[in-house]
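# Examining the three-dimensional arrangement
Listed below, chain by chain, are the residues.
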Amino acid sequence: DAGVTQSPTHLIKTRGQQVTLRCSPISGHKSVSWYQQVLGQGPQFIFQYYEKEERGRGNFPDRFSARQFPNYSSELNVNALLLGDSALYLCASSSGTGGALETQYFGPGTRLLVL
Amino acid sequence: KQEVTQIPAALSVPEGENLVLNCSFTDSAIYNLQWFRQDPGKGLTSLLLIQSSQREQTSGRLNASLDKSSGRSTLYIAASQPGDSATYLCAVTGTASKLTFGTGTRLQVTL
């Protein structure tokens, strides 16, 4: 079975542009979470979605938004890109509601570079 | 606010040596603690997950312990190999069900 997949793998944008990142969870998984990992740091929680509803949001500005589709795939959108948005964006899925006792499985990430 | 610290930030050991990586967290109200491996530029691979009611978990040459009351966990790697070279991250899950990560320990195992 395929694991969590993310697209694109790499992306280069300029300041002020908008970007959309995509994530497909493991088949049967209904919860998706997004994390941002700046170089040299641990991942930081951005969003969690379950059944198309936002279940949690980290300390990120409103420029960051996300949604989940009926097939449980998800998109992360970032508007008005800043240099500091350059990072590896990780998506994780879990089989249930995304509760604290569930194991989260991570995708390979999308590397975003903002110039 | 939960904070997770990992010591050391970087470690270089010769092949065959046993080693210990440390993780500490400030809020003991956690559901579980997880150790991940991350190769350069890649995603995260889960190594071990310890539920809050457990004291340790083992997988092959890896052993992770958890002392929730003192806010500490250790990852023990036995007989290290060059293929173990990677960054090791610990993360705790709290009531918000999000993972809070440490900054990682970058391990290099030399021949």
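Structure: see above.
Scope of this entry: the structure provided in the associated data block. (Residues numbered from 1 in each chain as written. Chains lettered and ligands numbered in written order. Predicted model: local features only at pLDDT ≥ 70, side-chain atom pairs only at ≥ 80, totals over all residues. Heavy atoms only, no water.)

Let's shift gears to the state of the cysteines. In this structure the tally under the stated criterion is 2 disulfides over all chains. The side chain of cysteine 23 of chain A participates in a disulfide bridge whose partner is cysteine 91 of chain A; the two sulfur atoms lie 1.8 Å from each other. Linking cysteine 23 of chain A and cysteine 91 of chain A, the disulfide has an S-S dihedral of approximately -65° and is accordingly described as left-handed. With cysteine 23 of chain A in strand 3 (residues 19-24) and cysteine 91 of chain A in strand 9 (residues 87-94), this residue pair connects regions lying 68 residues apart in the sequence. Each disulfide pairs two cysteine sulfurs, and for cysteine 23 of chain B the partner residue is cysteine 90 of chain B, the sulfurs being separated by 1.9 Å. Torsion about the S-S bond of the cysteine 23 of chain B and cysteine 90 of chain B cystine: about 70°, corresponding to right-handed handedness. Here cysteine 23 of chain B, found in strand 3 (residues 19-25), pairs with cysteine 90 of chain B, found in strand 9 (residues 86-93); they are 67 residues apart in sequence, far enough to count as distant. (Disulfide = S-S within 2.5 Å. Helix = DSSP H or I, 4+ residues; strand = E, 2+ residues; numbered from the N terminus.)

Side chains carrying opposite charge are able to pair once their charged atoms draw close together. Enumeration over the complete set of coordinates arrives at 7 salt bridges over all chains. Where aspartate 85 of chain A meets arginine 63 of chain A, a salt bridge forms, and the shortest distance between an N and an O atom there is 2.8 Å. Placement of aspartate 85 of chain A in the loop between strand 8 (74-78) and strand 9 and of arginine 63 of chain A in the loop between strand 6 (53-57) and strand 7 (64-68) is noted, with a sequence separation of 22 residues between them. Taken as a pair, aspartate 85 of chain A and arginine 63 of chain A share a single burial class, namely buried. A salt bridge links arginine 37 of chain B to aspartate 39 of chain B; the shortest N-O distance between them is 3.0 Å. The exposure class assigned to arginine 37 of chain B is buried, which follows from its relative accessible area of 17%. Connected through shared salt-bridge partners, Arg22, Arg67 and Glu75 of chain A make up one network. (Salt bridge = Lys/Arg side-chain N within 4 Å of Asp/Glu carboxyl O. Buried < 20%, exposed > 50% of the residue type's maximum accessible area, 1.4 Å probe, protein only.)

Fair warning: the whole summary comes from geometry, so function is off the table for now.
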